[in-house]
Amino acid sequence: MENQQKQDSKDFVGSLKNGIWLFGISSWLFGITDRSIASFSDGYLSALDLTQLFTAATFFVAWLFLKPMSKV
């Protein structure tokens, strides 16, 4: 009985981690898209715009490396 509860809690935590990770991907993609549209809307890219885009892209790539381990 206790082993079943442990397995259920591990499954729940695994699903929660995957859900948070997927939500993070969609959030980063939305943020990068929003920054890109805002940067290109005036037709002029400033150094600040490029810095913001580069920072968001860097954090997005870092987020991809934080993918939770898959179940075996």
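Our structure's up above, just so we're on the same page.
Residues numbered from 1 in each chain as written. Predicted model: local features only at pLDDT ≥ 70, side-chain atom pairs only at ≥ 80, totals over all residues. Heavy atoms only, no water.

Student: Tell me about the packing of helix 1 (residues 2-40) against helix 2 (residues 47-65), residues and numbers included.
Tutor: The geometry of helix 1 relative to helix 2 is characterised by a closest axis approach of 10 Å and an angle of 165 degrees between their N-to-C directions. The angle between helix 1 and helix 2 places the two elements in the roughly antiparallel class. Crossing of helix 1 against helix 2: the hand is left-handed. Counted together, Ile20, Trp21, Gly24, Ile25, Trp28, Leu29, Ile32, Arg35, Ser36 and Ser39 of helix 1 and Asp49, Gln52, Leu53, Ala56, Ala57, Phe59, Phe60, Trp63 and Leu64 of helix 2 form the full contact between these two elements. Residues that form the contact of helix 1 with helix 2 fall into these classes: 13 nonpolar, 4 polar and 2 charged. (Axes fitted to C-alpha atoms, helices over the stretch in contact; angles between N-to-C directions. Helix = DSSP H or I, 4+ residues; strand = E, 2+ residues; numbered from the N terminus. Parallel < 35°, antiparallel > 145°, perpendicular 65-115°, else oblique. Left-handed = near helix turned anticlockwise from the far one by under 90°. Contact = heavy atoms within 4.5 Å. Nonpolar A, V, L, I, M, F, W, Y, C, P; charged D, E, K, R; others polar.)

Student: I'd like a description of the nonpolar core, backed by residues and values.
Tutor: By size, the foremost hydrophobic cluster in this structure holds 5 residues: Trp21, Ile25, Ile32, Ala56 and Phe60. Looking at this core, the elements with two or more residues in it are helix 1 and helix 2. Of the residues forming this core, the biggest block, 3 residues, is contributed by helix 1. If we ignore the near neighbours within four places in the chain, the residues touching Ile32 are Leu53, Ala56, Ala57 and Phe60. (Core = buried A, V, L, I, M, F, W, Y, C linked by side-chain atoms within 4.5 Å. Buried < 20%, exposed > 50% of the residue type's maximum accessible area, 1.4 Å probe, protein only.)

Student: Provide a residue-level description of the side chain of Ser39, including the pertinent values.
Tutor: Topologically, Ser39 is positioned in helix 1. Of the polar contacts made by the side chain of Ser39, one reaches the backbone oxygen of Arg35; its length is 2.7 Å. Once you skip the residues sitting within four places of it in the chain, Ser39 turns out to touch Tyr44, Leu45, Asp49 and Leu53. (Polar contact = N/O pair within 3.5 Å; in protein donor to acceptor, adjacent residues only side chain to side chain.)

Student: Explain helix 1 to me, using residue names and the numbers behind them.
Tutor: Its 39 residues place the ends of helix 1 57 Å apart at the C-alpha level, agreeing with the 57 Å of an ideal helix rising 1.5 Å per residue. Taken together, the buried residues of helix 1 touch helix 2. (Expected span 1.5 Å × (residues − 1).)

Student: Report on a nonpolar patch on the surface, specifying residues and quantitative values.
Tutor: A cluster of nonpolar side chains, contributed by Phe12, Val13, Leu16 and Ile20, occupies part of the molecular surface with about 380 Å² of accessible area. For Leu16, a relative accessible area of 43% corresponds to the partly exposed category. (Patch = residues over 30% accessible without salt bridge, like charges linked within 9 Å, V, L, I, M, F, W, Y side chains within 5 Å. Areas by Shrake-Rupley, 256 points an atom, 1.4 Å probe, with all protein chains shown as cover. Salt bridge = Lys/Arg side-chain N within 4 Å of Asp/Glu carboxyl O.)

Student: Could you give an account of the environment of Phe59, naming the residues involved and the relevant values?
Tutor: Along the chain, the position of Phe59 falls in helix 2. Sequence separation between Phe59 and Asn3 is 56 residues; the distance between their C-alpha atoms is 38 Å.

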